[in-house]
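# Notes for the structure review
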Amino acid sequence: MDKKEILKEFSSDPDRYYKVKLFEEQGFVRKSCSKCKRFFWTLDSGRQMCPEDSEDTYSFIGDPPTSKRFDYTQSWREVESFFVKNGHTSVSRYPVVCRWRDDLYFTIASIVDFQRVMGSKVVFEFPSNPLVVPQTCLRFKDLENVGVTGRHFSSFCMIGQHSIPNSGGYWKDECVDLDYRLLTEQFGIRKEEVVFVEDVWAGGGSFGSSLEYFVKGLELGNAVFTEFQGELGKHTTLDQRVIDMGAGLERFAWITKGTPTAYDCCFGPITNHLFEKIGIDSDSEMLKKYFTEIARGLENFDDLIDVRKHAVKNTGLTDDQVNRIITPLEGIYLIADHLRTLIFAISDGALPSNVGGGYNLRIILRRVIATMNRMHWKLDLDELIDLHIDYLKDTYSELDASREDVKLILKIESGRYEESKSRMGKIGTKLKEREKPPTVDELITMYESDGITPDFLKELDVISEIPSTFYSKLSDLHQSEKKRDIEKLPLEDLPETELLFYGEDPMEFEAKVLKVFGNLVVLDRTSFYARGGGQEPDHGIISSSKVVDVNKHGGVVVHQLEGQIPKEGQIVICKVDTERRQNITKNHTSTHILNSSSRNVLGSWVWQHSAFKESDHARLDITHHSPLSKKEVSQIEDTANSIIQKNMSVTIENFDRGKAEQHYGFKIYQGGVVPVKSVRIVSIEDFDVEACGGTHVKKTGEIDLIKITKTKRIQDGVVRIEFVSGPTAHQFVKHQKSQEVKIAGDALQKQQIEKQREERKQKAREMMPVLLEQISAINDTQTIDEIDVSVTDSTKFCFTSSDKFNEFFHINFGKKLAKNEPNSVYVGIFESGPTIRVIVYAGEEASKTKNAGLIAKAVSEILGGAGGGDAKFAQGGGKDTSKKDEAIAKAKSMVLG
Ligand SMILES: [Zn+2]
Ligand SMILES: [Zn+2]
């Protein structure tokens with residue numbers, strides 16, 4: 001939808017869309033900006049331009065327009081008390097990891113808290129009406145601005161003021177009146193300073209008018225009145241109109257403090273701590289000028305690099321001042337901001353990784369480290385985390401509990417970065433030799449494939465600036481990952497299938513065939529569990545045909561059959577395969593048990609990533625930073641089995657979604673989003689609570705046993721636990737035991753063979769003098785004790801490949817034989833580890849025609865290796881054991897001709 005079109009339409013009828021009661025009562029006048037023509041409302045009749053074009057833009061820096069000074073936490077207290085005083089409920093923030101929407105990784109606005117998906121529609125569910133919430137929002141689209149512009153954050157607090165105009169809520173008049181009084185009464189801003197600008201908002205098929213409110217050029221908030229749906233002109237009014245007023249808490253603090261940047265008043269004691277540690281000697285007059293120039297420049301230039309250049313020039317800064325003051329300041333702000341974001345995200349269960357939303361967290365931590373390295377700062381991240389949490393816990397008390405977890409995760413992740421630095425450094429050095437700096441696309445590829453951030457390249461001096469479009473391009477690339485496809489069937493006209501497995505759950509039932517597509521059958525009711533939530537479908541029989549697959553399409557269950565397909569309208573008898581169902585059910589409850597067991601053993605960051613429950617095996621993928629150790633695996637298994645031993649009750653209750661979230665928190669969404677109003681809560685006493693649509697045992701004791709069969713780190717930040725439960729677990733244990741017995745038996749047998757071989761070798765060694773005597777006495781061809789002797793006119797050839805002779809034997813026997821009999825040649829072939837070796841001796845006479853070195857070389861080549869020596873003694877070998885016979889034949893032919 002074209003926003004400009006809508007704005008034109010709405011601004012052509014201001015009385016209807018924008019003129020609120022307050023404007024009339026107070027005498028606001030409507031004006032059109034002399035520069036950009038936008039319409040705005042003001043009490044200052046002399047004002048000619050909109051707040052963004054006006055001369056006084058950002059003049060609050062160094063000259064705050066309020067009589068009161070509030071920092072970040074104090075500002076929230078002021079805002080909260082004002083709205084509570086005026087009939088609002090103050091709601092705690094929702095997690096920054098947006099587990100209730102499958103199209104968002106992170107909560108990006110306060111209104112997202114209350115949006116739930118119902119089929120293809122978004123509905124609003126408010127825990128109370130009206131309400132106000134200090135919602136931490138994460139946005140990674142313009143990371144390059146953070147630390148530089150004075151007002152961009154990777155996470156910020158959106159003051160959400162929300163209302164539905166019925167049952168206690170209000171609409172435009174009261175909303176704007178409240179916002180105006182918040183600024184003037186609570187914050188003490190002069191009435192003439194408040195300017196409302198006409199705008200519109202459109203998204204997700206709905207739209208409405210909005211009033212942005214500014215003070216001294218700083219946009220403090222935007223009151224959106226979501227009211228219509230459809231195409232402009234053909235639009236209709238929504239059943240559920242919503243007030244979505246979002247304001248930046250950081251900006252409220254900033255306007256009252258008038259510091260050079262919003263960072264100076266929003267990170268509590270961190271910035272000062274860093275100033276002292278690093279020792280920046282900043283001149284506040286200069287900084288005020290510089291950051292005012294930056295703020296104004298942002299309206300005039302598209303590229304941040306130009307904004308910065310322009311501000312440096314207009315403030316009259318030298319290169320030395322930029323390097324000594326501006327660059328370190330930007331680093332300090334960046335570190336403070338990024339750490340705060342990491343604290344919120346990790347506390348809410350996200351992990352840095354290279355997949356999904358986790359990549360954002362990895363990239364910002366790497367920016368922190370690269371900045372510290374580039375600036376040669378030694379900073380204690382643990383100390384900074386403590387400072388942040390100590391300051392924030394006033395507003396967000398929940399952060400206190402995850403303090404140590406955040407530290408641990410950052411330590412592990414920093415270690416990983418340090419480990420990969422030498423590899424990344426090599427790639428970086430190569431790049432440096434190139435003539436052209438890398439393009440944005442090349443930078444993105446480098447990050448995606450090697451984890452190399454542009455900040456690291458900046459640290460290495462490969463690039464001097466990070467291209468402005470890098471982070472937004474990267475962000476777009478990752479945005480669309482979180483979507484799933486559902487196969488479409490023409491089922492619109494069919495009623496929803498009655499799901500018997502959520503009721504009586506009969507294993508045998510009668511049903512009517514409503515629709516047949518080829519081998520796919522839709523019934524009016526079914527007890528066959530349809531594939532969902534990682535639980536595999538039931539099998540069994542419908543009429544006389546086998547049920548091989550069952551899927552749910554919206555509310556309609558579709559059975560896939562093999563064999564004769566029943567006809568539409570027919571009444572059929574259906575039987576569920578109970579053994580399969582029972583096994584799958586045990587595996588499903590086991591995933592819940594293992595999930596909570598893993599969290600208890602490993603840490604709060606463990607969430608179910610995905611799960612799969614078949615009849616004879618199952619797996620649970622959890623979010624965790626490292627592969628599991630043997631000890632961790634057995635601890636998890638022990639915890640799980642102790643829950644089975646306690647025979648805990650598994651209860652299933654249906655709750656209103658909002659109530660369930662308020663009561664249990666968002667931990668219930670382990671299996672993903674629940675797209676219905678009523679959620680099915682499966683709880684294992686006080687051990688585990690999840691929203692889940694699967695089948696479960698009634699008591700954990702029914703599972704009897706859980707065995708983890710294998711664990712594996714399947715991707716960055718995700719570990720797979722493969723397991724079996726119930727009878728399959730017992731079979732596994734039995735099999736494992738018999739395997740152990742077999743392995744022990746094999747080992748014993750091997751040991752015995754080895755012992756026999758050693759005995760034979762010992763015997764051979766002892767027999768050496770006797771053998772030498774016997775062979776000396778021979779003058780014809782025969783075999784003595786596995787040594788073949790061939791005698792020709794001039795040579796006596798002795799050869800053996802018996803495994804009873806080892807290297808010691810061949811070396812000593814061959815040497816003595818060659819010495820005793822100058823016309824003899826000895827060749828011994830034997831296996832040694834993975835190779836076949838050959839040892840050749842030739843006596844004084846024989847060596848003149850039968851060169852030992854040449855024989856060893858030729859034999860070794862056949863064996864795929866190399867060998868050599870002199871005419872009297874040589875050795876060699878190769879790995880190709882299949883050529884052993886060929887090698888023996890070669891040796892014989894070389895000696896005997
Ligand atoms: Zn303007
Ligand atoms: Zn489940």
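Look a little higher up for the structure.
Notes on the structure follow. (Residues numbered from 1 in each chain as written. Chains lettered and ligands numbered in written order. Predicted model: local features only at pLDDT ≥ 70, side-chain atom pairs only at ≥ 80, totals over all residues. Heavy atoms only, no water.)

### Section: the packing of helix H7 (residues 270–278) against helix H10 (residues 319–347)
What counts here: Between the N-to-C directions of two axes lies an angle of 0 to 180 degrees, each axis being a line fitted to C-alpha atoms and, for a helix, fitted only over the stretch in contact. By the criteria applied, helices consist of DSSP H or I runs no shorter than four residues and strands consist of E runs no shorter than two, each listed in order from the N terminus. When an angle is under 35 degrees it counts as roughly parallel; over 145 it counts as roughly antiparallel; between 65 and 115 it counts as roughly perpendicular; any other value is oblique. Left-handed describes a crossing whose near helix is turned anticlockwise from the far helix through less than a right angle; right-handed describes the clockwise counterpart. Whether two residues touch is decided by their heavy atoms; if any such pair falls within 4.5 Å, the residues are in contact.
At a closest axis distance of 10 Å, the pairing of H7 and H10 adopts a crossing angle of 135°. Here H10 runs oblique to H7, going by the angle between their axes. Two packed elements cross with a definite hand, and for H7 against H10 that hand is right-handed. Where H7 approaches H10, its residues Ile270, Thr271, Leu274, Phe275 and Ile278 are matched on the opposing element by Leu329, Ile332, Tyr333 and Ala336.

### Thoughts on the coordination of the zinc ion (ligand 1)
To be explicit about the condition: Donor selection uses N, O and S atoms within 2.8 Å of the metal (3.2 Å for Na, K and Ca). Since no water is included, sites may look incomplete. Donor angles set the geometry label: tetrahedral for four donors if every angle is between 85 and 135 degrees, square planar for four and octahedral for six if opposite donors exceed 155 degrees and the others are between 65 and 115, irregular for anything else. Exposed residues in this analysis have more than 50% of their type's maximum accessible area, buried residues have under 20%, and partly exposed residues fall in between, with area computed by a 1.4 Å probe over protein chains only.
Those donors, Cys33 (SG), Cys36 (SG), Cys50 (SG) and Asp53 (OD), are the protein atoms that reach the zinc ion (ligand 1), and they lie 2.0 to 2.3 Å from it. Coordination geometry of the zinc ion (ligand 1): the 4 donor atoms subtend angles of 103 to 116° at the metal centre, consistent with an arrangement described as tetrahedral. In primary sequence terms, the donor set of the zinc ion (ligand 1) follows C-x2-C-x13-C-x2-D. Linking Cys33 in the loop between strand S1 (29–32) and strand S2 (39–42) with Cys50 in the loop between S2 and helix H4 (72–85), this pair joins segments that are 17 residues apart in sequence. With respect to burial, Cys33 and Cys50 carry one shared label: buried.

### Thoughts on the sheet that holds strand S7 (residues 155–163)
Going by this rule: Two strands pair if DSSP finds at least two bridges between them.
The sheet built from 9 strands is open, its strands ordered S1-S2-S8-S9-S10-S11-S7-S6-S3 with mixed pairing. Each end of this open sheet is capped by a strand with a single partner; those strands are S1 and strand S3 (89–90). Sheet topology places strand S9 (residues 206–215) next to strand S10 (residues 218–229); 10 bridges connect them, and they run antiparallel. Across the sheet, residue Tyr213 finds its bridge partner in S10, namely Gly221. On the sheet, helix H1 (residues 3–11) packs against S1, S2, strand S8 (194–203), S9 and S10 and is oriented at approximately 130° with respect to S8.

### Some thoughts on the environment of Leu361
Within the element layout of this structure, Leu361 appears in helix H11 (residues 358–374). A relative accessible area of 0% means that Leu361 is categorised as buried. In this structure the C-alpha to C-alpha distance between Leu361 and Lys546, which are 185 residues apart in sequence, comes to 49 Å. Ignoring any residue separated from it by four or fewer positions in sequence, one finds Leu361 in contact with Phe106, Phe140, Leu342, Ala345, Ala350, Leu351 and Pro352.

### Considering the coordination of the zinc ion (ligand 2)
Six octahedral donors around a metal ideally make angles of 90 or 180 degrees; four tetrahedral donors ideally make 109.5 degrees. Coordination of the zinc ion (ligand 2) by the protein comes from His588 (NE2), His592 (NE2) and Cys692 (SG), over a distance range of 2.1 to 2.3 Å. Along the chain, the residues donating to the zinc ion (ligand 2) are arranged with the sequence spacing H-x3-H-x99-C. Of this pair, His592 sits in helix H17 (residues 578–602) while Cys692 sits in the loop between strand S24 (688–691) and strand S25 (706–715); the two residues are 100 residues apart in sequence, bridging distant segments of the chain. Summarising the burial analysis for this pair, His592 and Cys692 share the class buried.

### Thoughts on the pairing of strand S30 (residues 824–832)
Using the following cut-off: For a crossover, the right-handed case is the one in which the path from the first strand over the helix to the second runs clockwise, viewed with the strands pointing away from the viewer.
Most of S30 sits out of view: 7 of its 9 residues are buried. Note: strand S29 (residues 796–800) against S30, 5 bridges, orientation parallel. Its bridge partner being in S30, Phe797 is matched across the sheet by Val825. The handedness of the S29 to S30 crossover, carried by helix H21 (residues 807–820), is right-handed. With 8 bridges joining them, S30 and strand S31 (residues 835–842) adopt antiparallel strand pairing. In the strand pairing of S31, Val825 is matched with Ala842. Here S30 folds back onto S31, and the loop between the two strands holds 2 residues, one of which, Gly833, carries a positive phi near 65°.

### Notes on the pattern of salt bridges
Defined as follows: We count a salt bridge whenever a side-chain nitrogen from Lys or Arg sits within 4 Å of a carboxyl oxygen from Asp or Glu.
Within this structure, the stated rule accounts for 58 salt bridges. In this structure, Glu413 engages Arg362 in a salt bridge whose closest nitrogen and oxygen atoms are separated by 2.6 Å. Of the two residues, Glu413 is situated in helix H13 (residues 403–433) and Arg362 in helix H11; the sequence distance between them amounts to 51 residues. Assessed through its relative accessible area of 8%, Arg362 is described here as buried. A salt bridge links Glu821 to Lys796; the shortest N-O distance between them is 3.1 Å. Of the two residues, Glu821 is situated in the loop between H21 and S30 and Lys796 in strand S29; the sequence distance between them amounts to 25 residues. Pair check on accessibility: Glu821 and Lys796 agree, each one buried. Residues joined in a network through salt bridges with shared partners are Asp386, Asp390, Lys393, Asp400, Arg403, Glu404 and Lys407.

### Some details on the pairing of S2
One ladder, built from 4 bridges, connects S1 with S2; its direction is antiparallel. Bridge pairing in S2 places Arg30 opposite Trp41. Following S1, the chain reverses through 6 residues before pairing antiparallel with S2; Lys37 in that reversal takes a positive phi of roughly 70°. Where S2 meets S8, 2 bridges bridge the pair, whose relative direction is antiparallel. Residue pairing in the sheet places Trp41 in a bridge with Phe196 of S8.

### Structural notes on unusual backbone geometry
Here the bond from Asn129 into Pro130 is cis, since omega is -5°, no more than 30 degrees from zero. Relative to the helices and strands, Pro130 is located in the loop between strand S5 (121–124) and strand S6 (131–138). We note that Asn647 has phi near 50°; this positive angle belongs to a residue other than glycine. By secondary structure assignment, the location of Asn647 is in the loop between helix H18 (630–645) and strand S22 (650–656). Although it is not a glycine, Glu786 adopts a positive phi angle of roughly 70°. Topologically, Glu786 is positioned in the loop between strand S27 (782–784) and strand S28 (787–791).

### Section: the side chain of Glu125
Rules: Two N or O atoms form a polar contact when they lie within 3.5 Å of each other; inside protein one atom must be a possible hydrogen donor and the other a possible acceptor, and for residues adjacent in sequence the pair counts only when both atoms belong to side chains.
Positionally, Glu125 belongs in the loop between S5 and S6. Engagement of the side chain of Glu125 in a polar contact is seen with the side chain of Arg657, the distance being 2.6 Å. In contact with Glu125, other than residues within four places in its own chain, are Phe114, Arg116, Arg657, Gly658 and Lys677.

### Things to note about the sheet that holds strand S26 (residues 718–725)
One open sheet accounts for 4 strands, arranged S20-S21-S26-S25; its pairing is antiparallel. If you trace the sheet from one side to the other, it starts and ends with strand S20 (608–613) and S25, each paired once. In this sheet, adjacent strand axes meet at a mean angle of 15° when their direction is disregarded. Of the strand pairs in this sheet, S25 and S26 are connected by 8 bridges, and their pairing is antiparallel. Within S26, the residue paired with Arg713 across the bridge is Val719. Across the sheet, helix H20 (residues 726–776) touches S25 and S26, and the angle it forms with S26 is around 90°.

### Here's the deal with the packing of helix H8 (residues 284–300) against H10
So the rule is basically this: Three classes are used: nonpolar for Ala, Val, Leu, Ile, Met, Phe, Trp, Tyr, Cys and Pro, charged for Asp, Glu, Lys and Arg, and polar for all others, with Gly counted as polar.
Two elements in contact, H8 and H10, have axes whose closest approach is 13 Å; the angle formed by their N-to-C orientations is 70°. One way to sum up the angle between H8 and H10 is to call them roughly perpendicular. Every pair of crossing elements has a handedness; the one defined by H8 and H10 is right-handed. Facing H8, whose interface residues are Met286, Leu287, Tyr290 and Phe291, H10 presents Gln321, Ile325, Ile326, Leu329, Glu330 and Tyr333. Split into classes, the residues belonging to the contact of H8 with H10 amount to 8 nonpolar, 1 polar and 1 charged.

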